Protein chains: 2
Amino acid sequence: MNPVEAIVFDAYGTLFDVQSIQRKLEKLYNTRAASIGQVWRQKQLEYTWLRTLMQRYVPFTKLTQDALLYACEANGVNAQPEEVNQLMEAYNQLDVFTEVHAALQQLSQQVPLAILSNANQELLDRATTYNQIKPYFKDIISVDAVEQFKTVPTVYQLAVDRLKVSAERVVFVSSNTWDVAGAKSFGLQVVWVKRKQDAIVEQLGFPPDHTIEQLGDLSSLFFS
Amino acid sequence: MNPVEAIVFDAYGTLFDVQSIQRKLEKLYNTRAASIGQVWRQKQLEYTWLRTLMQRYVPFTKLTQDALLYACEANGVNAQPEEVNQLMEAYNQLDVFTEVHAALQQLSQQVPLAILSNANQELLDRATTYNQIKPYFKDIISVDAVEQFKTVPTVYQLAVDRLKVSAERVVFVSSNTWDVAGAKSFGLQVVWVKRKQDAIVEQLGFPPDHTIEQLGDLSSLFFS
């Protein structure tokens, strides 16, 4: 195992819990909330991939709003502008998972930490400030800088360049299975945070190096 | 409207009906067939996008088999090699939709026709031969030639190059909403075959030029 000189975290689903958006959806759309939430997330991902392939980058907030409009229409809901604003605003006030503060505090004493996210810089700055976790990070890196989304190698290269650490000495941590495959394919050491019991590894030929249940497990994995 | 000098068709879901694979799944997996079929198709698409982004191209048959293994595992099914072979074999014997023969015969008397598909060349050759539609096409084009999948511009450019017709004079026909967006973003004239009643246009900023219900509607759209 290569020595670890930096740890880089994915943001949404890994540090930030998107569950509160689901509660907001339920308030607005009742029984249709579950389906809207599922399609919203799926389309959000699809649009990051398709727009990168099409060379039609737009910031994550715009893309997320487009995905929401699709999800509402697909579920027969005529979303009002005020509702869309409320839901998009919820993205600025996501809580971190319960273990995140303690884990970041401990790890930040060992090696430099960073975030590498599809979200735009402004969204990341607001979310990390809101949760008071910004001081733990040496760098908060948005794909905005290269105008492409994960899983292009260019995005993971951005972390290597900004942190000035060679790829095999960077540990990348994500709950997203496709992100795990992308980072591993690029050449990072990869830890999968398996936050859902029934999640499985993608059949893309690039499984994670390690699998953990929550971020508190990172310290003993690398520094004990 | 620009004059039409060639018509290019997507293959799976547009010319070929994948419904027979669903029947094969039901025979093998009973009540879990619907969910396996849904995840299989979703992962097949995702893997075309992710592998292109990751610069890890593999032929469509390999990728489709990987997606099947994921879908079975995600549904708690331990797929046997013989079952996997049977399902993959079903891809070689897909029927075309009922109107396809008559529509292709009529259109091929007006302009050159072609196929542009994510599938590998061998699979396309077998499927068009099996359905006796090969003679209608001037060219059957696989993304194999560029080792990237839709929706990269390079793939749609391949059709323009091979047919030697300028992009705005090529009509591209697909039932897949993401493929519609990709082709329109590239600059082709695009017709969406809306084969499912509840399908909606993607929120990607590139809606189709025309929407039809089946391929028999093409002739009156362009040649009457």
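Looking now at helix α5 (residues 100-108) of chain A. Residues and elements named next belong to chain A. Where α5 is concerned, the buried positions are Val-100, Ala-103, Leu-104 and Leu-107. Relative to the axis of α5, the buried residues are bounded by an arc of 95° and lie together on one face. Elements that come into contact with the buried residues of α5 comprise β1 (6-9), β2 (113-117) and α9 (218-222).

Its rotation angle being 180°, the transformation that places chain B on chain A also includes 0.0 Å of axial translation and leaves an RMSD of 0.0 Å. Taken together, the rotation angle and the small translation identify this as a two-fold axis. It is Trp49(B) whose C-alpha, among those of chain B, lies nearest the rotation axis, at 3.2 Å. Here 100% of the interface residues in chain B have copies in chain A that are interface residues too; the copies meet face to matching face.

Here the focus is the nonpolar core. Counting residues in each nonpolar core, the largest one holds 178 residues, and the members touching the most others are Phe9(A) and Phe9(B). In this structure, Phe9(B) is in contact with Leu15(B), Leu104(B), Leu107(B), Leu113(B), Ala114(B), Ile115(B), Leu116(B), Phe137(B), Phe172(B), Val173(B), Leu215(B) and Leu218(B), ignoring residues within four places of it in sequence.

Moving on: the interface of chain B and chain A. Each side of the interface is counted separately: chain B has 32 residues, and chain A has 32 residues. Counting each side, the surface lost to burial between chain B and chain A is near 3,100 Å², with a carbon and sulfur contribution of 62%. It is Leu53(B), Met54(B) and Gln203(B) in chain B that bury the most area against chain A; as a group they hold 24% of the surface buried on that side. Our enumeration of links across chain B and chain A arrives at two salt bridges. With its nearest N and O atoms 2.9 Å apart, the salt bridge here joins Lys43(B) to Glu202(A). For the interface between chain B and chain A, the tally reads twelve residue pairs in polar contact (both at pLDDT 80 or more).

Residues and elements named next belong to chain A. For chain A, the assigned domains read domain 1 (6-17 + 95-223) and domain 2 (18-93). Relative to domain 2, the C-alpha centre of domain 1 lies at a distance of 23 Å. Counting residues at the interface gives 20 residues for domain 1 and 18 residues for domain 2. Here domain 1 meets domain 2 over a buried area of about 1,800 Å², counting both sides, of which 59% is carbon and sulfur.

Once that is clear, we can look at the sheet that holds strand β2 (residues 113-117) of chain B. All names here are of chain B. With parallel pairing, the six strands of this open sheet are ordered in space as β3-β2-β1-β4-β5-β6. Only two strands of the sheet have a single neighbouring strand rather than two, namely β3 (139-142) and β6 (210-212). Put simply, the sheet's adjacent strands are angled 25° from each other on average, direction ignored. Direction of pairing for strand β5 (residues 189-193) relative to β6: parallel, over a ladder of three bridges. Bridging across to β6, Val-191 finds its partner in His-210. Set on the sheet, helix α7 (residues 153-163) makes contact with β1 (6-9), β2, β3 and β4 (170-174); between it and β3 the angle comes to about 155°.

Packed helices, taken two at a time, are described by the angle between their axes plus the distance between the axes. All names here are of chain B. Look at helix α1 (residues 19-29) against helix α4 (residues 81-90): their axes get within 9 Å of each other, and the N-to-C directions meet at 165°. If you check the angle between α1 and α4, you find them roughly antiparallel. The chirality of how α1 crosses α4 is right-handed. Of the residues in α4, those touching α1 at Ile-21, Lys-24, Leu-25, Leu-28 and Tyr-29 are Glu-83, Gln-86, Leu-87 and Ala-90. Residue composition of the contact of α1 with α4, by class: six nonpolar, one polar and two charged.

So, on to the environment of Leu218(B). All names here are of chain B. Within the secondary structure layout, Leu-218 lies in helix α9 (residues 218-222). You can call Leu-218 buried: its relative accessible area is 0%. Considered as a pair, Leu-218 and Leu-107 are 111 residues apart in the sequence and their alpha carbons are 8.0 Å apart. Leaving out residues up to four positions away in the same chain, Leu-218 has contacts with Phe-9, Leu-107, Val-173, Val-191 and Ile-212.

Residue and element names in this part refer to chain A. What the rule picks out here adds up to 24 salt bridges over all chains. Its salt-bridge partner being Asp-139, residue Arg-162 comes within 2.9 Å of it at the nearest N-O pair. Of the two residues, Arg-162 sits in helix α7 (residues 153-163) while Asp-139 sits in strand β3 (residues 139-142), which places them 23 residues apart along the sequence. In this structure Arg-162 comes out as partly exposed when scored by relative accessible area, which is 34%. Taken together, the salt bridges that share partners define one network made up of Asp-10, Lys-150 and Asp-179.

Residue and element names in this part refer to chain A. Strands sit in the order β3-β2-β1-β4-β5-β6 across an open sheet of six strands; the sheet is parallel. The outermost strands of the open sheet, each flanked by one partner alone, are β3 and β6 (210-212). Averaged over all adjacent pairs, the angle separating strand axes in this sheet is 25°, with direction ignored. In terms of strand pairing, β1 meets strand β4 (residues 170-174) through four bridges, oriented parallel. If you follow Phe-9 over to β4, its bridge partner there is Val-173.

What counts, and where the lines are drawn
Residue positions are counted from 1 within each chain, in the order its sequence is given. Each chain is given a letter, starting from A, and each ligand a number, starting from 1, according to the order in which they appear as written. Selection of residues for local features in this predicted model requires a pLDDT of at least 70, selection of side-chain atom pairs for listing and counting requires 80 or more, and totals for whole chains, interfaces and linings are taken over all residues. By convention in this description, side-chain values take in all heavy atoms of the structure and omit both hydrogens and water. For every residue, the accessible area obtained with a 1.4 Å probe (protein chains only) is divided by the maximum for its type, and the residue is called buried under 20%, exposed over 50%, and partly exposed between those limits. Each helix is a run of DSSP H or I of at least 4 residues and each strand a run of E of at least 2, with the numbering of both proceeding from the N terminus. Directions from the helix axis toward the C-beta atoms define the arc. Working rule for contacts: check all heavy atoms of both residues, and any pair within 4.5 Å makes them a contact. Least squares is the method used to superpose the copies, on C-alpha atoms of residues holding a pLDDT of at least 70 in both. Definition of nonpolar core: a set of buried residues of the types Ala, Val, Leu, Ile, Met, Phe, Trp, Tyr and Cys, connected through side-chain atoms within 4.5 Å. By definition, the buried area sums, over both parts, the 1.4 Å-probe accessible area that each loses when the two are put together. We define a salt bridge as a side-chain nitrogen of Lys or Arg found within 4 Å of a carboxyl oxygen belonging to Asp or Glu. Here a polar contact means two N or O atoms within 3.5 Å. Within protein one must be a hydrogen donor candidate and the other an acceptor candidate, and residues neighboring in sequence count only if both atoms are side-chain atoms. What fixes the domain bounds is an automatic or database domain assignment. At least two DSSP bridges between two strands are needed for those strands to be called paired. Think of each axis as a best-fit line through the C-alpha atoms, taken over the contacting stretch in the case of a helix, with angles from 0 to 180 degrees between the N-to-C directions. Angles are sorted into four bins: roughly parallel if under 35 degrees, roughly antiparallel if over 145, roughly perpendicular if 65 to 115, and oblique for all others. Less than a right angle of anticlockwise turn of the near helix away from the far helix marks a crossing as left-handed, whereas a clockwise turn marks it as right-handed. Residues were grouped as follows: Ala, Val, Leu, Ile, Met, Phe, Trp, Tyr, Cys and Pro as nonpolar; Asp, Glu, Lys and Arg as charged; and all remaining residues, including Gly, as polar.

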